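Architecture at a glance
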There are 2 protein chains.
Amino acid sequence: MFRVNRQTDYAVRVVLALSKMPRGTRVPTSEIGREMLIPPSLLQRIVAELASGGFIKTQPGRDGGISLAHLPSEITLLQVVEQFEGSLVISDCILKEGDCPFESKCPVSCQWKRLNDLLRNEMERTTFEQLLEDGKQIEASMEFPASTPLKVVVSEPILSLTDSVNA
Amino acid sequence: MFRVNRQTDYAVRVVLALSKMPRGTRVPTSEIGREMLIPPSLLQRIVAELASGGFIKTQPGRDGGISLAHLPSEITLLQVVEQFEGSLVISDCILKEGDCPFESKCPVSCQWKRLNDLLRNEMERTTFEQLLEDGKQIEASMEFPASTPLKVVVSEPILSLTDSVNA
DNA sequence: TAGTTTGTCACGTCATTATATGACAAATAT
DNA sequence: ATATTTGTCATATAATGACGTGACAAACTA
């Protein structure tokens, strides 16, 4: 129906959450899941996919977790989206295998391609550093910077970064 | 998976096919189906949907068929797409019913919305008259204007416009 | 130091639901 | 008669999510 998968949206939020943290911070995925309200079973797959795409580093074992493999400024929205949606194509030709009788002569295909390129370019220009700044601006534009944490749990130690900061 | 439905693509092609014909031309849907290689069962629904959207006029019975209800210059790509894809939304908030704790404060949603608007605007600017011209340009850019009709059936009377032109 | 515990990721399977695509048939209008 | 109209059904694919088992590494304990 012309929309990005929920999984992809989740993935973007995972990367964004990691981008918010100080460089090299490592957190258990369950932490991210709680913060971003992602069902654990999905999160497993998302983390695996992000790792195989080289976006994050994973560390098994006790006090393990995930951390960002690159600077937020080095990761584009397009990269993450394509990792999860496959190579972004709004509409390949209706007929499979290039045996479409209209082929490139078809103004409809051309339109789809044009729109496709538009999206791709825009997403390629968008880094997670920008998303971070957008987030800051949004927060700043509200009277009370963080008046109500909006149900975010405070009653427990959210992060337990013992030595992971200077690792 | 982030692509337009086949049905939508078909629909666009139907409108385009009608746009190519002289104003007011009426053809049976089966004719369009053969020309555009659309499975009849799907075409039924597409035609119904196009009619209910006011894009085409239908005429049941003998010598009946469908015809364009507006000038090609008055129909935009967005109108047709939204009729079939619903109101174009790349990603509504993950949580249903607006109870997302992040809401408009979320830079991710903002991005989706931005990309969404980009697509919408572009499609709104694209009329079927433009598609027609694109098609002509494509044809003109080939050495032999219509050298090989590319498997298009010629062995039968493609159109049977008896009196439908001056209707 | 050696062994155990614990909290984490890794991977595979299954169930449920939603959607897309298409065939078919009965009804209706001209 | 010949089209459109409308509704039902079947099938395939994909998305979403739950579970369970195993691998792994750090921390703890004796």
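Refer to the structure presented above.
In short, a report on the structure.

Reading the values: the criteria
- Residues numbered from 1 in each chain as written.
- Chains lettered and ligands numbered in written order.
- Predicted model: local features only at pLDDT ≥ 70, side-chain atom pairs only at ≥ 80, totals over all residues.
- Heavy atoms only, no water.
- Helix = DSSP H or I, 4+ residues; strand = E, 2+ residues; numbered from the N terminus.
- Buried < 20%, exposed > 50% of the residue type's maximum accessible area, 1.4 Å probe, protein only.
- Contact = heavy atoms within 4.5 Å.
- Areas by Shrake-Rupley, 256 points an atom, 1.4 Å probe, with all protein chains shown as cover.
- Near = heavy atom within 4 Å.
- Polar contact = N/O pair within 3.5 Å; in protein donor to acceptor, adjacent residues only side chain to side chain.
- Nonpolar A, V, L, I, M, F, W, Y, C, P; charged D, E, K, R; others polar.
- Axes fitted to C-alpha atoms, helices over the stretch in contact; angles between N-to-C directions.
- Parallel < 35°, antiparallel > 145°, perpendicular 65-115°, else oblique.
- Expected span 1.5 Å × (residues − 1).
- Arc of directions from axis to C-beta.
- Left-handed = near helix turned anticlockwise from the far one by under 90°.
- Pairing = 2+ DSSP bridges.

Here we take up the overall build of chain A. Looking only at helices and strands, one finds 6 helices and 2 strands in chain A. From first element to last, N terminus to C terminus, chain A shows the α and β order α-α-α-β-β-α-α-α. Burial status across chain A gives 41% buried among its 167 residues. In chain A, the share of contacts with a sequence separation of at least 24, taken over all contacts with a separation of at least 6, comes to 69%. Of the roughly 9500 Å² of accessible surface on chain A, a fraction of 52% belongs to carbon and sulfur atoms.

A few words on the protein's contact with DNA strand C. By nearness alone, 23 residues border DNA strand C, and A:T29, A:Q44, A:T58, A:G61 and B:R45 come closest of all. Take the atoms of DNA strand C that sit within 4 Å of the protein: sugar and phosphate atoms are 62% of them. The backbone of A:G61 places a nitrogen or oxygen atom 3.3 Å from a base oxygen of DNA strand C. Elements represented by at least two residues in the surface near DNA strand C include exactly β1 (56-59) of chain A together with α1 (6-20) and α3 (40-52) of chain B. Top contributing element to the surface near DNA strand C by residue count: α3(B), with 4 residues. Across the surface near DNA strand C, the residue classes break down as 7 nonpolar, 12 polar and 4 charged.

Attention shifts here to the side chain of A:S67. All names here are of chain A. In this fold, S67 is placed in strand β2 (residues 65-68). According to the relative accessible area criterion, S67 is buried, its value standing at 11%. Discounting chain neighbours no more than four positions away, the residues touching S67 are L18, G24, T25, R26, I56 and K57.

Residue and element names in this part refer to chain B. At a minimum axis separation of 10 Å, α1 and helix α2 (residues 29-36) run at an interaxial angle of 105°. Classed by the angle they form, the pair α1 and α2 counts as roughly perpendicular. Along the contact surface, α1 presents R13, V14, A17 and L18, while α2 presents I32, E35 and M36. Of the residues belonging to the contact of α1 with α2, the class tally is 5 nonpolar, no polar and 2 charged.

Let us now look at helix α6 (residues 128-140) of chain A. Residue and element names in this part refer to chain A. The terminal C-alpha atoms of α6 lie 18 Å apart, and with 13 residues this matches the ideal 18 Å at 1.5 Å per residue to within 8%. Listed in full, the buried residues belonging to α6 are F128, L131, L132, G135 and I138. Take α6 and look down its axis: the buried residues cluster within an arc of 125°, on one side only. Of the exposed residues in α6, those oriented more than 90 degrees away from the buried face are K136, Q137 and A140.

Turning our attention to the packing of helix α5 (residues 107-124) of chain A against helix α5 (residues 107-124) of chain B. Taken N-terminus to C-terminus, the directions of α5(A) and α5(B) make an angle of 150°; their axes are 10 Å apart at the nearest point. Classed by the angle they form, the pair α5(A) and α5(B) counts as roughly antiparallel. By crossing handedness, the relation of α5(A) to α5(B) is classed as right-handed. For the pair α5(A) and α5(B), contact is made by A:W112, A:R114, A:L115, A:L118, A:L119, A:E122 and A:M123 and by B:W112, B:R114, B:L115, B:L118, B:L119, B:E122 and B:M123, respectively. Each residue belonging to the contact of α5(A) with α5(B) can be placed in one class, and the counts come to 10 nonpolar, no polar and 4 charged.

A separate point is the pairing of strand β2 (residues 65-68) of chain B. Side-chain alternation along β2(B) places B:G65 and B:S67 on one buried face and B:I66 and B:L68 on a second face that is also buried. Between the antiparallel neighbours strand β1 (residues 56-59) of chain B and β2(B) lie 5 residues, among them B:G61 with a positive phi of about 85°.

As a further point, take the pairing of β1(B). Bridge analysis of β1(B) against β2(B) gives 4 bridges, and the strand direction is antiparallel. Residue pairing across strands places B:K57 opposite B:S67, the latter belonging to β2(B).

Our next topic: the protein's contact with DNA strand D. Around DNA strand D there are 25 residues in total, and A:R6, A:S41, A:R45, B:T29 and B:T58 lie nearest to it. Here DNA strand D approaches the protein such that, of its atoms within 4 Å, sugar and phosphate make up 65%. Contact distances for DNA strand D include 2.9 Å between a sugar or linking oxygen and a backbone N or O atom of B:G61. Along the lines of polarity and charge, the residues of the surface near DNA strand D split into 8 nonpolar, 12 polar and 5 charged.

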